[in-house]
Amino acid sequence: MPDESTFLVTYRYVPGMEERRTPHRAAHLEWIRELHAAGRVLVAGALQDPVDSAVLIFRAPDGYTVRQLLMHDPYARAELIVDVSVRPYGIAVGA
């Protein structure tokens, strides 16, 4: 994907996320896997002990595109995300 930039996305989740995500988790993981297969998400995962945040690395032409994609996250639609940060990310080592 020419002219693509890398973005670091951080989510902050609602309290009790480990339990509250259960009905939405399969759809959320399917959404991430589809974006990964399309080359949009390079890596994604939740922080552990407690599950209160997540980190996603995106490739996109701009931050607006990333934010548009994030609106389709089943966790966002279920109002399980209380804060989102999208920032340009410079990769020094790695693909």
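Above this text sits the structure in question.
Everything in this summary refers to the structure shown in the same document.

Calculation criteria
- Residue numbers restart at each chain and count upward from 1, following the sequence in its written direction.
- Only residues with pLDDT of at least 70 get local features here, since the model is predicted, and only at 80 or more are side-chain atom pairs given and counted; chain-wide, interface and lining totals rely on the full set of residues.
- Only hydrogens and water are set aside; all other atoms, that is, all heavy atoms of the structure, feed into the side-chain values.
- DSSP-based pairing: two strands are paired if at least 2 bridges between them are found.
- What counts as a helix is a DSSP run of H or I of at least four residues, what counts as a strand is a run of E of at least two, and both are numbered from the N terminus.
- As a rule, the C-alpha atoms of each element are fitted with a line to give its axis, helices using only the stretch in contact, and angles between N-to-C directions run from 0 to 180 degrees.
- In this description, contact between two residues means that some pair of their heavy atoms is separated by no more than 4.5 Å.
- Here, a salt bridge means any side-chain nitrogen of Lys or Arg that lies within 4 Å of a carboxyl oxygen of Asp or Glu.
- With a 1 Å grid laid over protein atoms only, a set of points is called a cavity when a 1.4 Å probe fits there but cannot get out and a pocket when it is open yet has protein on both sides within 12 Å along at least five of seven lines; lining residues have an atom within 4 Å of a point.
- Grid points are joined across faces, edges and corners, and a volume is the space filled by probe spheres set on the points.
- When residue character is reported, Ala, Val, Leu, Ile, Met, Phe, Trp, Tyr, Cys and Pro are called nonpolar, Asp, Glu, Lys and Arg charged, and the others, Gly included, polar.
- Side-chain atoms within 4.5 Å link the members of a nonpolar core, which is a set of buried Ala, Val, Leu, Ile, Met, Phe, Trp, Tyr and Cys residues.
- Summary of the burial criterion: residues with accessible area below 20% of their type's maximum are buried, those above 50% are exposed, and those between are partly exposed, where the area comes from a 1.4 Å probe applied to protein chains only.
- By this rule the span expected of a helix is its residue count minus one, scaled by 1.5 Å.
- Throughout, the arc means the angular range of directions from the helix axis out to the C-beta atoms.

## Section: the sheet that holds strand β2 (residues 41–46)
Part 1: A sheet is described by the order of its strands in space; here 4 strands give the open sequence β2-β3-β1-β4, paired in antiparallel fashion. Each edge of the open sheet is held by one strand with a lone partner, namely β2 and β4 (81–88). Between one strand axis and the next, the sheet turns by 15° as a mean value, whatever way the strands run.
Part 2: Where β2 and strand β3 (residues 53–60) come together, 5 bridges link them in antiparallel fashion. If you follow Val43 over to β3, its bridge partner there is Ile57.
Part 3: The sheet contacts of helix α2 (residues 25–37) involve β1 (5–13), β2 and β3, and relative to β2 the element is tilted by about 155°.

## Side note on the environment of Ile81
Part 1: Relative to the helices and strands, Ile81 is located in strand β4.
Part 2: For the pair formed by Ile81 and Tyr64, sequence separation is 17 residues and the distance between their alpha carbons is 18 Å.
Part 3: Those residues within four positions of Ile81 in sequence are excluded, and the remaining contacts are Tyr11, Arg12, Tyr13, Asp73, Tyr75 and Ala76.

## A closer look at the environment of Leu70
Part 1: Mapped onto the secondary structure, Leu70 falls in helix α3 (residues 63–70).
Part 2: A sequence separation of 33 residues divides Leu70 from Ala37, and the C-alpha atoms of the two residues are 16 Å apart.

## Focus on the pattern of salt bridges
Side chains that carry opposite charge are capable of pairing whenever their charged atoms lie near each other.
Part 1: Going through the model one piece at a time under the given rule, you end up with 1 salt bridge.
Part 2: A salt bridge links Arg40 to Glu4; the nearest nitrogen and oxygen atoms lie 2.4 Å apart. With Arg40 in the loop between α2 and β2 and Glu4 in the segment before β1, this residue pair connects regions lying 36 residues apart in the sequence.

## Brief notes about the layout of surface pockets
Part 1: For the largest pocket, the calculated volume is near 230 Å³.
Part 2: As for the largest pocket, its lining consists of 18 residues, of which His28, Leu29, Ile32, Gly45 and Ala46 are closest to the centre.
Part 3: Where the lining of the largest pocket is concerned, the elements lending two or more residues are β1, α2, β2 and β3.
Part 4: A total of 6 residues in the lining of the largest pocket trace back to one element, the largest contributor, which is β2.
Part 5: Among the residues making up the lining of the largest pocket, the classes are represented as 12 nonpolar, 4 polar and 2 charged.

## A few points about the nonpolar core
Part 1: Grouped together as the largest cluster of nonpolar side chains are 21 residues, with contacts concentrated most on Val9, Tyr11, Tyr13, Trp31, Phe58, Val66 and Leu70.
Part 2: Where this core is concerned, the elements lending two or more residues are β1, α2, β3, α3 and β4.

## As for α2
Part 1: Under the 1.5 Å per step criterion, the end-to-end length of α2 is 18 Å for 13 residues, consistent within 8% with the ideal 18 Å.
Part 2: Among the residues making up α2, those that are buried are His28, Trp31, Ile32 and Leu35. Buried residues of α2, viewed axially, fall in a sector of 95°; they line one side. Facing away from the buried side of α2, by more than 90 degrees, are the exposed residues Ala26, Arg33 and Ala37.
Part 3: Along its buried surface, α2 packs onto β1, β2, β3, α3 and α4 (74–77).

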